[in-house]
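Breakdown of the fold
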Amino acid sequence: MSDYVITVNSTVDLPKEWLSARGVPVIPLKYTIDGKTYEDMSGLSPKEFFGKLREGKMAVTSQVNPDEAKTAFEPILKEGKDILHLGFSSALSGTCNSMKIAAEELREEYPNRKIMVVDTLCACMGEGLLLYYALKRKSEGYSMEETAEWAEANKLHVCHNVTIDDLEHLHRGGRISKTVAVLGGMVKIKPMIHMDDAGALQVIGKERGRRKALGKIVETSAKQAKGWENDIIMITHGDCREDADYVAGQVREKMGIDNILINNIGTVIGSHTGPGVVAVFCMGDQR
């Protein structure tokens, strides 16, 4: 059985140290803000980035192109290893398609190597959660094909429960309509968002007040997770660590899970959510 490497895009929004420790190559998307272009995960710090957004600056993101994908993949193939890529949802970016184009071209150049690309239909730490379990399967000796098959079979069981402080960023990025953004912007109304089965963001409700909204994403996650063995719960936030810590406390209380990974949302995803976003990611029956 050939050795294989699991690769991801920077939109997994996991700590760089976590990814590095597990030998996971990351292919970054980019963003431009204040006239400068940066790579996700290696540009501005979360504090600097969200500070600019709070000042009213706009961030524009750009997908990975096929040449960039080939440049990232090729050194791995030259080492004699196969590649399983877990890609950012195709409903939110053309990046996954670029990874597929690169894989197709490289298969011709490296006929003895295998490259598999999974459209995770996930974003942010939803991708990260799928990666966590894929790495676990790899460490248990499962082949690349078996791990890819598991990812395909379980990707729609990755639940994303999100509350946004301000929907205007999602509207500007073309992720939701102006009407939805205006309705969500009503005083003290905090929108509830999830990732649907097509891998797109959908506003599914609203709560009056921040604490109720934070409680709701945990309550929803707890219902979805019933009957599932969740080794870990992941929580992301847009430069609002206190809120993330509050949500973690609610997860421990309502879900009985102590293994919780908290990290700032990345700069590419954060360009669309804006500051103040908080999300819980778990495995569950349905999204």
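We now turn to the structure provided with this report. These numbers come from a predicted model, not from an experiment. (Residues numbered from 1 in each chain as written. Predicted model: local features only at pLDDT ≥ 70, side-chain atom pairs only at ≥ 80, totals over all residues. Heavy atoms only, no water.)

**Points about helix H9 (residues 210–225)**
Our working definition: Secondary structure elements are taken from DSSP: a helix is a run of H or I of four residues or more, a strand is a run of E of two residues or more, and numbering for both begins at the N terminus. One less than the number of residues in a helix, times 1.5 Å, gives the span that helix is expected to have.
Here H9 contains 16 residues, and its C-alpha end-to-end distance of 23 Å stays within 8% of the 22 Å for a straight helix at 1.5 Å per residue. Taken from the residues just after H9, Gly227 is the one with a positive phi, measuring 90°.

**Things to note about the packing of helix H5 (residues 125–139) against helix H6 (residues 144–154)**
Which entries qualify depends on this criterion: Here the axes come from fitting lines to C-alpha atoms, over the contacting stretch only for helices, and the angles between their N-to-C directions go from 0 to 180 degrees. An angle below 35 degrees is read as roughly parallel, one above 145 as roughly antiparallel, one from 65 to 115 as roughly perpendicular, and any other as oblique. In this scheme, a crossing is called left-handed if the near helix is turned counterclockwise away from the far one by less than a right angle; it is called right-handed if the turn is clockwise. Any two residues whose heavy atoms approach within 4.5 Å are treated as being in contact. Note that Gly is not counted as nonpolar here; it falls among the polar residues with everything else outside the nonpolar set of Ala, Val, Leu, Ile, Met, Phe, Trp, Tyr, Cys and Pro and the charged set of Asp, Glu, Lys and Arg.
At their nearest, the axes of H5 and H6 sit 10 Å apart, and the two run at 150° to each other. As summarised for this structure, H5 and H6 are arranged roughly antiparallel, according to the angle between their axes. Crossing handedness for the pair H5 and H6: right-handed. Across the interface between the two elements, Leu130, Tyr133, Ala134, Arg137 and Lys138 from H5 touch Glu146, Thr147, Trp150, Ala151 and Asn154 from H6. In terms of residue class, the contact of H5 with H6 is made up of 5 nonpolar, 2 polar and 3 charged.

**As for the sheet that holds strand S13 (residues 278–283)**
Threshold: For two strands to be treated as a pair, DSSP must find no fewer than two bridges joining them.
In space, the 6 strands of this open sheet follow the order S10-S9-S8-S13-S11-S12, with mixed pairing throughout. With partners counted over all chains shown, the strands left at the sheet margins are strand S10 (201–208) and strand S12 (260–264), one partner each. Each strand of the sheet is rotated relative to its neighbour by a mean of 20°, with strand direction disregarded. Pairing analysis gives 5 bridges linking strand S11 (residues 233–237) to S12, with the strands arranged parallel. The residue of S12 that forms the bridge with Met234 is Leu261.

**Comments concerning the sheet that holds strand S4 (residues 36–39)**
Spatial ordering of the open sheet is given by S4-S3-S5, a layout of 3 strands whose pairing is antiparallel. Edge positions in the sheet fall to S4 and strand S5 (59–62), since each of these pairs with one other strand and no more. Taken over all neighbouring pairs, the strand axes of this sheet differ in orientation by 25° on average, direction set aside. As defined by bridge partners, strand S3 (residues 30–33) adjoins S5 across 4 bridges and the pair is classed as antiparallel. Across the sheet, the residue bridging to Tyr31 is Thr61, located in S5. Relative to S3, helix H2 (residues 46–54) is tilted by about 50°, and along the sheet it contacts S3 and S5.

**A few points about the pattern of salt bridges**
Here the idea is simple: oppositely charged side chains can pair when their charged atoms come close. We count it as follows: Here, a salt bridge means any Lys or Arg side-chain nitrogen found within 4 Å of an Asp or Glu carboxyl oxygen. Only protein chains enter the accessibility calculation, which uses a 1.4 Å probe; a residue is then buried when its area is under 20% of its type maximum, exposed when over 50%, and partly exposed in between.
In the structure shown here, the tally under the stated rule is 23 salt bridges. Lys57 is the salt-bridge partner of Glu55, the closest N and O atoms lying 3.6 Å from each other. When its relative accessible area of 28% is taken as the criterion, Lys57 is described as partly exposed. Across the pair Asp231 and Lys136 runs a salt bridge, and its minimum N-O distance is 2.5 Å.

**Considering unusual backbone geometry**
Even without a glycine there, the phi angle at Asp13 is positive, about 55°. Within the secondary structure, Asp13 sits in the loop between strand S1 (4–9) and helix H1 (16–21). Accessibility expressed as a relative area gives 2% for Asp13, which makes it buried. Unlike most non-glycine residues, Asp239 shows phi in positive territory, near 55°. Here Asp239 is to be found in the loop between S11 and helix H10 (241–255). Judged by relative accessible area, Asp239 falls into the buried class, the value being 15%.

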